[in-house]
Amino acid sequence: MSNLSISLSPAAVTEVERLRRKQNCLEAPLRVRVRSGGCAELYYDLSFEENPDGEDRCCTCDGVAIAVDVLSLPYVDGLTIDYTEDLMGGGFRFHNPHAERTCSCGHSFVPQADLTAH
């Protein structure tokens with residue numbers, strides 16, 4: 001899988017840029033990965049990556065460079081990331097076409113069975 005498709009809502013783009021300035025990571029791509037754990041089987045991890053790995057898959061969404069490691073790629077390709085604020089504060093929200101089920105926090109998910117067979 002050589003192409004990568006991750007979408008960011010306008011609110012997510014604004015928040016990523018705000019965090020970039022706050023953390024002084026103006027040129028660093030947004031690292032999107034999944035890790036084991038969370039309320040469900042896997043959870044999303046976002047960070048800024050100064051030096052992406054040579055095997056990372058990369059794309060750009062509305063001016064935001066995104067890097068994904070090859071292990072996370074099957075789980076996040078097609079992901080849409082949004083950012084919303086409510087009375088409890090703000091946070092990124094994930095809409096994943098590869099999630100069989102998500103937990104109520106919205107940061108953890110169980111992947112579709114065909115993805116875990118690999």
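The following refers to the structure shown. (Residues numbered from 1 in each chain as written. Predicted model: local features only at pLDDT ≥ 70, side-chain atom pairs only at ≥ 80, totals over all residues. Heavy atoms only, no water.)

1. Let's talk about the overall build of the chain
1) Next: When helices and strands are counted, the chain shows three helices and nine strands.
2) Next: Listing the helices and strands of the chain from first to last along the sequence gives β-α-β-β-β-β-α-β-β-β-β-α.
3) Next: Computed over its C-alpha atoms, the radius of gyration of the chain comes to 14 Å, within 12% of the 13 Å expected for a compact globule of 118 residues.
4) Next: Judged by the C-alpha coordinates and their principal axes, the chain covers about 40 × 40 × 20 Å.
5) Next: Of all 118 residues assigned to the chain, the portion counted as buried reaches 42%.
6) Next: Taking the intrachain contacts of the chain between residues at least 6 apart in sequence as the baseline, contacts between residues at least 24 apart amount to 54%.
7) Next: In the form shown here, the chain has an accessible surface area of approximately 6,700 Å², with 49% of it arising from carbon and sulfur atoms.
8) Next: Charge centroids of the chain, computed over 10 positive and 18 negative side chains, lie 5 Å from each other. (Helix = DSSP H or I, 4+ residues; strand = E, 2+ residues; numbered from the N terminus. Rg over C-alpha atoms; globule rule 2.2 N^0.38 Å. Buried < 20%, exposed > 50% of the residue type's maximum accessible area, 1.4 Å probe, protein only. Contact = heavy atoms within 4.5 Å. Areas by Shrake-Rupley, 256 points an atom, 1.4 Å probe, with all protein chains shown as cover. Lys, Arg positive; Asp, Glu negative; His and termini not counted. Charge placed at Lys NZ, Arg CZ, Asp CG, Glu CD.)

2. Here's the deal with the pattern of salt bridges
1) Next: Within the structure shown, the criterion is met by eight salt bridges.
2) Next: Among the salt bridges present, the one from Asp45 reaches Arg33, with a minimum N-O distance of 3.7 Å. One end of the pair, Asp45, is in strand β3 (residues 42-48); the other, Arg33, is in strand β2 (residues 30-36), and 12 residues separate them in sequence. When sorted by exposure, Asp45 lands in the same class as Arg33, which is buried. (Salt bridge = Lys/Arg side-chain N within 4 Å of Asp/Glu carboxyl O.)

3. A look at the sheet that holds strand β9 (residues 108-111)
1) Next: Pairing within the open sheet is mixed, and its six strands lie in the order β4-β5-β2-β3-β9-β8. In this open sheet, the two edge strands, each paired with only one partner strand, are β4 (57-61) and β8 (99-102). Pairs of neighbouring strands in the sheet enclose a mean axial angle of 35 degrees, with direction left out of account.
2) Next: Packing against the sheet, helix α1 (residues 10-22) makes contact with β2, β3, β4 and β5 (64-68), and its axis sits at approximately 85 degrees to β5. (Pairing = 2+ DSSP bridges. Axes fitted to C-alpha atoms, helices over the stretch in contact; angles between N-to-C directions.)

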